[in-house]
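# Observations on the model geometry
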Amino acid sequence: MLAAAGAAWADINVGVTVSATGPAASLGIPEKNTIALMPQTIAGQKINYIVLDDASDTTKAVTNTRRLITEDKVDIVLGSTTTPNSLAMIDAVAEAQVPMISMAASARIIEPMDAKKRWVFKTPQNDIMMSLAIASHMADAGVKTVGFIGFADAYGEGWFQEFSKAAGLKGLNIVASERYNRNDASVTAQVLKLVGAKPDAILIAGSGTPAALPQTGLVERGYAGKVYQTHGVANNDFLRVGGKAVEGTYLPAGPVLVAAQLPANHPLKKSAMEYITKYEAAHGKGSVSTFGAHAWDAGLLMSAAVPVALKKAQPGTPAFRAALRDALEQIKELPGAHGIFNMSPGDHLGLDQRARVMVKIEGGTWKYQP
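Residues numbered from 1 in each chain as written. Predicted model: local features only at pLDDT ≥ 70, side-chain atom pairs only at ≥ 80, totals over all residues. Heavy atoms only, no water.

The secondary structure content of the chain amounts to 11 helices and 17 strands. Its C-alpha atoms put the chain at 75 × 45 × 35 Å along the principal axes. Counting only residues that meet the buried cut, the chain has 56% of its 370 residues in that class. Counted over contacts in the chain with a minimum sequence separation of 6, partners at least 24 positions apart contribute 68%. Accessible area of the chain: about 14100 Å², with a carbon and sulfur share of 55%. (Helix = DSSP H or I, 4+ residues; strand = E, 2+ residues; numbered from the N terminus. Buried < 20%, exposed > 50% of the residue type's maximum accessible area, 1.4 Å probe, protein only. Contact = heavy atoms within 4.5 Å. Areas by Shrake-Rupley, 256 points an atom, 1.4 Å probe, with all protein chains shown as cover.)

Structure follows, in structure tokens:
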């Protein structure tokens, strides 16, 4: 349907599923809040956001994705919050040939590249990049032996695999490895085994507030070694729940977490501060989390791809969705809140070492470690 003055096209429908409730809510809420800050028009085209809550549940994430595709006829899916949910959604988007940008961390969401995963992109740093940051920091601090405790799901297993590789490269010996569930109320048995192994440092591979549980247990048992967390805890809810128990913790994070502390010439300072300014204007000072920033970066990628896709096809068509997928793959040197994105047919993350910094929890807040 073409109007005389130009194309009177259908709106672009963006489907979103995030974990705004359930164990991953402290990650999903800032993502949901961030969607509201995204552009309402791109290249003169109206954008409609359809936002659903998958309650941190894989089955619900798949149901939401199928609903967005079949009922809401979305051109792109943003989500979900966690690795298990995002992995579960891949079949649905690949089958319908709708591009998806995940806000979850595991490299398994986009690797190995195949006919299904060519429709999937993601914004958080890969676990191997963050594992190397941790292993390097440990080695530099004289750590020789490490204990590991992670979620008993795709997040924890992915981290154990990647950290094991990084530990091997840095000559670190993993002397204990434990698992727990996101909704466990106690991890006493696992903590006792970890403390009994007497490691120089312990890595906790959890995300959101449930990652504070093992650390509280370690403090109660008098563990005196170094404690590391993953970038999955980089939000204020974790600081609130962990309290004094998480003081002195080291973790790798996206530069957005400590953007104001970065040197003026840091390549991410400007783009990270832009997101922080927008989010804090809406939600108050100190309200930003790295998880909302993963959603923001998904929005930036989408905003960069839409004008390119519009030159080839009309929204609401299979041709437009394919053009959008192709355009995402061609994005180069796009500064986001977390890193500079350089996508390619073989790399649907496109981040390099500029996308990470080391941070220490000091005085109940995040301190940049140059």
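Both strand S3 (residues 12–18) and strand S5 (residues 45–53) contribute to a ladder of 7 bridges, which runs parallel. Bridge pairing in S5 places Val 18 opposite Asp 53. One ladder, built from 2 bridges, connects strand S4 (residues 41–42) with S5; its direction is antiparallel. Bridge assignment links Thr 41 to a residue of S5, and that residue is Lys 46. The loop that links S4 with its antiparallel partner S5 comprises 2 residues; one of these, Ala 43, has a positive phi angle of about 50 degrees. (Pairing = 2+ DSSP bridges.)

Taken in spatial order, the 6 strands make up an open sheet running S4-S5-S3-S6-S7-S8, and their pairing is mixed. On the outer flanks of this sheet lie S4 and strand S8 (120–122), each paired with one strand and no other. As paired elements, strand S7 (residues 100–102) and S8 share 3 bridges and run parallel to each other. Among the inter-strand pairings, Ile 101 is bridged to a residue of S8, identified as Phe 121. Across the sheet, helix H2 (residues 58–70) touches S3 and S5, and the angle it forms with S5 is around 150 degrees. (Axes fitted to C-alpha atoms, helices over the stretch in contact; angles between N-to-C directions.)

Turning our attention to the packing of helix H1 (residues 25–35) against helix H10 (residues 290–310). Relative to each other, H1 and H10 sit at 40 degrees, their axes nearing to 7 Å. Accordingly, the angle class assigned to the pair H1 and H10 is oblique. The handedness of the crossing between H1 and H10 comes out as right-handed. Contacts between H1 and H10 involve Leu 27, Pro 30, Glu 31, Thr 34 and Ile 35 from the first element and Phe 291, Gly 292, Ala 295 and Trp 296 from the second. Residues that form the contact of H1 with H10 fall into these classes: 6 nonpolar, 2 polar and 1 charged. (Parallel < 35°, antiparallel > 145°, perpendicular 65-115°, else oblique. Left-handed = near helix turned anticlockwise from the far one by under 90°. Nonpolar A, V, L, I, M, F, W, Y, C, P; charged D, E, K, R; others polar.)

Another point: the environment of Val 120. With respect to the helices, strands and loops of the structure, Val 120 is situated in strand S8. Through-space distance from the C-alpha of Val 120 to that of Leu 78 is 9.9 Å; in sequence the pair is 42 residues apart.

Among the secondary structure elements, His 348 is positioned in the loop between strand S15 (340–341) and strand S16 (357–362). At 2.8 Å, the side chain of His 348 forms a polar contact with the side chain of Glu 329. Non-local contacts of His 348, meaning those with residues more than four positions away in its chain, are made with Ile 110, Met 113, Lys 117, Arg 118, Val 120, Phe 121, Lys 122, Arg 325, Glu 329 and Met 343. (Polar contact = N/O pair within 3.5 Å; in protein donor to acceptor, adjacent residues only side chain to side chain.)

Our next topic: the pattern of salt bridges. Using the criterion set out here, one finds 13 salt bridges in the structure. For the salt bridge of Lys 116 with Asp 91, the shortest nitrogen-to-oxygen distance reads 2.8 Å. Highlighted residues: Lys 116 in the loop between S7 and S8 and Asp 91 in helix H3 (residues 83–96), separated in sequence by 25 residues. Judged by its relative accessible area of 41%, Lys 116 falls in the partly exposed class. Between Glu 333 and Arg 354 there is a salt bridge whose closest N-O contact spans 3.4 Å. Taken together, the positions of Glu 333 in the loop between helix H11 (318–329) and strand S14 (334–335) and Arg 354 in the loop between S15 and S16 put the pair 21 residues apart, joining distant regions of the chain. (Salt bridge = Lys/Arg side-chain N within 4 Å of Asp/Glu carboxyl O.)

When you line up the elements, Ala 295 lands in helix H10. Looking at Ala 295, the relative accessible area reads 0%, which means it is buried. Residues contacting Ala 295, with those up to four places away along its chain left out, are Glu 31, Thr 34, Ile 35, Met 38 and Met 103.

Turning to helix H9 (residues 269–283), a few remarks are in order. Its 15 residues place the ends of H9 21 Å apart at the C-alpha level, agreeing with the 21 Å of an ideal helix rising 1.5 Å per residue. Along H9, the residues classified as buried are Lys 269, Ser 271, Ala 272, Tyr 275, Ile 276 and Tyr 279. Buried residues along H9 sit in contact with H1, H10 and S14. The positive-phi residue at the C-terminal boundary of H9 is Gly 284, with phi of around 100 degrees. (Expected span 1.5 Å × (residues − 1).)

At 3.6 residues per turn, the α-helix brings residues three or four places apart onto the same side. Taking 1.5 Å as the rise per residue, H10 with 21 residues should run 30 Å; its terminal C-alpha atoms sit 30 Å apart, in good agreement. For H10, the tally of buried residues reaches 16 of 21 residues, placing the bulk of the element in the interior. Residue Ser 289 occupies the N-cap position of H10, its side-chain oxygen lying 3.1 Å from the main-chain nitrogen of Phe 291.

Any functional reading would require information beyond the geometric quantities listed.
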